[in-house]
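So you can see what is in the structure, the chains are spelled out below.
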Amino acid sequence: MFFLLKRYYHLFLFGAAVLLGAVMFFSVSDGNLRVWALDVGQGDAVFIETPGKRQVLIDGGPNAKVLSELSAVMPFYDKSIDLMVLTHPQEDHIFGLVEVLKRYQVANVLMTAVAYHTATYEEFKKLLQEEGARVFIARAGQNIKLDTQTTLDVLYPFEGLLGREIPEDLVNDTSVAVRLTFGEKKFLFLGDATLKEEVELVNSGQDIDVDVLKLSHHGSKTSSSQLFLEKTTPAIAFASLGRNNRYGHPHQDVVERLKDISFYRTDASGRITIVSDGKRVEVETER
């Protein structure tokens, strides 16, 4: 009996050592920023991890697939997210966030809090209350210091939209736009902004000259105008969308406008990983 207990004790110690080693391995930073365009089908979900291990999730896609995608890029023991950004409350951006709130501890949420009436949005707000997350109403000029090297700036909307009634056909143009800055490199995330929001951003005088652009509205023809691409000057662009989607995304006109830009898409490449040391940017794809 003594030898049996001793044997299990050694196995326990070995297992604990393996677990500790795994935790230490995943916790050590290599000094790089990582941005993942998660492969969630016809919707948006972007996950960011800074060198200081701060984690941001922008939108959650149209289904629960975001959970398996997060499991693929986060350590198995990590069930917390520092900041969740809901660009706008349409189903293909918010549904996955509901599932995330059920399974992860979310510390902070950035959103417009527009009045928009769907069952999913109501459940999202209910879960936020239960979660106890701090909710911040997005407005241009807000600066979020993620860690010593990484900042997130809100560029849009220009005014607070808390409680504002938004018709279905106009909600895209309430999309939160944020610029991520790490070292010399800048990223721009736009939700489903259409030409109207793009023009307003161009005319705002804000810094929208970036290195990496998340295409708005999955590459729809109503976004990514020639003017906007000339003002943002991205070297890399990516779009999140589903295979053979019924909307025809990305539109051929947009693809043509991107001919001189390195363009990646989740329907063709699966999960997209963008890695930066602050001076260079590299892209890896799942397939």
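So, a few notes on the structure that sits alongside this text. (Residues numbered from 1 in each chain as written. Predicted model: local features only at pLDDT ≥ 70, side-chain atom pairs only at ≥ 80, totals over all residues. Heavy atoms only, no water.)

### Quick word on helix 4 (residues 119-131)
Consideration 1: The end-to-end C-alpha distance of helix 4 is 18 Å, a good match for the 18 Å that 13 residues give at a rise of 1.5 Å each.
Consideration 2: Every buried residue of helix 4 is accounted for by Thr120, Tyr121, Phe124, Leu127, Leu128 and Glu131. Looking straight down helix 4, one finds that the buried residues subtend no more than 125° of arc, so they occupy a single side. For helix 4, the exposed residues set more than 90 degrees away from the buried face come down to Ala119, Gln129 and Glu130.
Consideration 3: Those residues of helix 4 that are buried are in contact with strand 4 (80-85), helix 3 (91-103), strand 5 (105-111) and strand 6 (134-137).
Consideration 4: Just downstream of helix 4, glycine 132 is the residue with a positive phi angle, here 80°. (Helix = DSSP H or I, 4+ residues; strand = E, 2+ residues; numbered from the N terminus. Expected span 1.5 Å × (residues − 1). Buried < 20%, exposed > 50% of the residue type's maximum accessible area, 1.4 Å probe, protein only. Arc of directions from axis to C-beta. Contact = heavy atoms within 4.5 Å.)

### Considerations on the environment of aspartate 173
Consideration 1: Inspection of the secondary structure assignment puts aspartate 173 in the loop between strand 8 (150-156) and strand 9 (177-182).
Consideration 2: Distance in space between the C-alpha atoms of aspartate 173 and threonine 87 is 10.0 Å, their sequence separation being 86 residues.
Consideration 3: With residues near it in sequence (within four places) discarded, aspartate 173 still touches Tyr156, Ala193, Thr194, Lys196 and Glu197.
Consideration 4: Among the polar contacts made by the side chain of aspartate 173, one reaches the side chain of threonine 194 at a distance of 2.6 Å. (Polar contact = N/O pair within 3.5 Å; in protein donor to acceptor, adjacent residues only side chain to side chain.)

### What about the pattern of salt bridges?
It is possible for side chains bearing opposite charge to pair when their charged atoms get close.
Consideration 1: Counting across every chain of the model gives 20 salt bridges.
Consideration 2: The residue arginine 34 makes a salt bridge to aspartate 30 at a minimum N-O spacing of 2.8 Å.
Consideration 3: Using a relative accessible area of 46% as the deciding quantity, one classes aspartate 30 as partly exposed.
Consideration 4: With its nearest N and O atoms 2.4 Å apart, the salt bridge here joins arginine 280 to aspartate 277.
Consideration 5: By sharing partners, the salt bridges in this structure join Glu99, Lys102, Arg103 and Glu123 into a single network. (Salt bridge = Lys/Arg side-chain N within 4 Å of Asp/Glu carboxyl O.)

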